[in-house]
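Next come the chains, spelled out residue by residue.
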Amino acid sequence: MHVPRPVHALSPDLVSVLKSSTEATMVAIIKKNQYTRYFSESPVFADFHSALRNFGREDDRSISDDILLETYRTMIPLTTYDSYEPFVAKLLTGTCQEDDIRDMFSSGLPHHIAVTSSTSSLKPKFYCKYQHPGAMRYPFGDGRQTFWTFSLHYRQLVKVQNCNGDIISTIPVGTQSSGIFRARSGLEVENDHLNIKLAGELANSPVAVGFISDYRTFMLTHTLFALANSKIETISINFTTSVVDMIRFMEEEWDTLITSIETGELPAWERIQEVREYLRPHFPPRPERATQLRAVGKATDQPGWLVKIWPMLKTTISISSGVFSVAVPKVRFYLGPDVHLRSLGFGSSEAFVAAVYDPSDLNPFKVTSQETIEYLDLDKEEKASSIIPPWLVEVGKHYEIVCTTRDGLWRYRLGDIVEIAGFDPMDGTPIIRYCERRNVITWMAGGTLTESHITDAILAVQDTLAPIIEFTAIIDSRSGVPTLGYLVEVHGELHPEAAKAPMKLHNELCRLNEEFEPRRMQVPTVRVLEPGTFGEYRQWRIEMTNSGSGQVKVPVLMSDNAAQEWILARVRRELGVESNGGVVQG
């Protein structure tokens, strides 16, 4: 598949095409959602409605598109969850009256309510998701030869009651990926008593696997059904770090998995009893497949192990940019050179931002044309007048994503920072690269410490430390002077000079940000965690937050005290600290 190289400047023709397309989407969203409860009643949008009334028309529908666009640009402020939360809270009360929640953010009733992963806070955010004709599909995979770790977990069901007292809709509250899977496969929550019996159409696993609540058992059971199928062509797992979890779990339970495939008896994993009766009809004995797998063996120290297990494997789809790039080398090791690692796209619980542009590159994305994506200039004040339209962004410059969506967000700050990599030469659409979260910033040694600094520094010292599987960082104040404390899980053994890694990290952080004063910058600490710690962290976090399997992310900078206490209890070794308290010099 040939992908045209992005251009670095827009021709007048491309500017015209991009501007027309963007404005058409913007007008369509305004007209679709301007009479919703949120947009009509929230005081943050009062100036927009007041400006339209100043044109002297009783019926806003008669106002021209040009006036709508200009009023949007000048009167819609930047918004955050603060204005959205009071309205979405009306849907989280258990049973709702239809008249109270219909057309809340978009027309009709939500299909599902997406919950954020609450990466940096125990308090999640909730976003109503509606079904729209021609909506862009996430490239999770498709078909019975796809090992897709879909989840159907929900933390709450919202019942919608009409004026006669009848329940007319049930809305699941869960992960966005769960809602997408339900929408794509037609597995409405009202029919779960029937859905749970199905073999499934979009993935290799039967539907019942998606209802398992225990993270380890959830991953292992999906893996069990995938191992039983020698014809798997695609692996689709949300994050590369979860791919690593899958491989570790498979290695730990290898003999149990093979015996189960041979006999057709499901293992006695925790919480599997919740769905055992629904799984049994889809899991006959496969002694021939068990023999094949025994011949392959648990060769996890050899590159391409997954291809030996699934000889027809062609593609693995997983979010691989940002902090998830840390796990890419290990995933590629197990995939071997001939399996393509593809990104899933750039999306979140709040909005879908961009699709994969070049499948051979994990971090260029083409911005969607189905939502209005604008760009907040990082060098200017954080207000609406600093928003840049897509035809005026500059290649190489960084911006914060601001989105106005069909689901009812208005100039909503995602907090994601992107770099403009170029423009699609066919239609002028910006091609972006994900950089970091804007709010992951702390002050240290006279300068700012960002998510990118923290990530890039630890990746740069792998040749001294060891290959990094996953990491997080905390502010370490044990010495009395705050410094950055890394908590890392490594692949294999530490390198012989690993004790020099803290000093090299210090030098790398000072190189990445010239604002840092090396003499004031304390040497970072590095603590090595027990193998499998981050997989166990995801299990613990899921239980703590009642979130779905596959949704939990590990923060780059961990601030939650309970999470810090949990992970610090699993430190195996601290690097670079001599018996007299000094630091090994690089």
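Each remark here, short or long, concerns the structure printed above.
Figured I'd write up the structure that's included with this text.

Calculation criteria
- Along each chain, the written sequence defines residue order, and numbers are assigned to residues from 1.
- This being a predicted model, a pLDDT of at least 70 is required before a residue's local features are given, and a value of 80 or more before pairs of side-chain atoms are given or counted; all residues contribute to the totals for chains, interfaces and linings.
- Where side-chain values are given, they derive from all heavy atoms of the structure, hydrogens and water being excluded.
- The numbering of helices and of strands both runs from the N terminus, where a helix is a DSSP run of H or I of at least 4 residues and a strand a run of E of at least 2.
- Per-residue accessibility, obtained with a 1.4 Å probe over protein chains only, is compared with the maximum for each type, and a residue is labelled buried under 20%, exposed over 50%, and partly exposed between these values.
- The contact definition used throughout considers only heavy atoms, calling two residues in contact when any of these lie within 4.5 Å.
- Geometry is summarised by axes, namely lines fitted to C-alpha atoms with helices restricted to the contacting stretch, and by angles between N-to-C directions that run from 0 to 180 degrees.
- An angle below 35 degrees is treated as roughly parallel, one above 145 as roughly antiparallel, one from 65 to 115 as roughly perpendicular, and anything else as oblique.
- By the convention adopted, Pro, Cys, Tyr, Trp, Phe, Met, Ile, Leu, Val and Ala count as nonpolar, Lys, Arg, Asp and Glu as charged, and the other residues, Gly among them, as polar.
- Each crossing gets its hand from how the near helix is turned against the far one by less than a right angle, where anticlockwise is left-handed and clockwise is right-handed.
- To define a nonpolar core, start from buried Ala, Val, Leu, Ile, Met, Phe, Trp, Tyr and Cys residues and group those joined through side-chain atoms within 4.5 Å.
- Strand pairing is assigned whenever DSSP identifies at least 2 bridges connecting the two strands.

Brief notes about the side chain of S386
- Looking at the secondary structure, you find S386 in the loop between β13 (372-377) and β14 (387-388).
- On the basis of relative accessibility, which here comes to 4%, the residue S386 falls in the buried class.
- The contact partners of S386, leaving out residues within four places of it in the chain, are Y375, L376, D377, K380 and E381.

Some thoughts on the packing of helix α11 (residues 254-263) against helix α13 (residues 287-296)
- Between α11 and α13, whose axes approach to 7 Å, the crossing angle comes to 155 degrees. Accordingly, the angle class assigned to the pair α11 and α13 is roughly antiparallel. Contacts between α11 and α13 involve W254, I258, T259, I261 and E262 from the former and P287, R289, A290, L293 and R294 from the latter.
- Residues of the contact of α11 with α13, tallied by class, amount to 6 nonpolar, 1 polar and 3 charged.

Thoughts on the packing of helix α10 (residues 240-252) against helix α15 (residues 328-335)
- Contact geometry of α10 with α15 gives a least axis separation of 9 Å together with a crossing angle of 50 degrees. Viewed along their axes, α10 and α15 adopt a mutual orientation that is oblique. Judged by the sense of rotation from one axis to the other, the crossing of α10 with α15 is left-handed. Only V328, K330, V331 and Y334 of α15 make contact with α10, whose side of the interface consists of T240, V243, V244, I247 and R248.
- Its residues placed into classes, the contact of α10 with α15 shows 6 nonpolar, 1 polar and 2 charged.

Quick look at the nonpolar core
- By size, the foremost hydrophobic cluster in this structure holds 72 residues, and its most contacted members are L227, M250, W305, L306, I309 and W310.
- What W310 contacts, discounting residues up to four positions off in sequence, is F147, A226, L227, N229, S230, I232, I235 and R289.
- Membership of the second largest hydrophobic core comes to 60 residues, among which are F105, Y130, V367 and I373.

Here we look at the pairing of β13
- Where burial is concerned, most of β13 is hidden: 6 out of the 6 residues are buried.
- Here 6 bridges tie β13 to strand β15 (residues 398-404), and the two strands are oriented antiparallel to one another. Opposite I373, over in β15, you have C403 as the bridge partner.
- For β13 and β14, the ladder comprises 2 bridges, and the chain directions are antiparallel.

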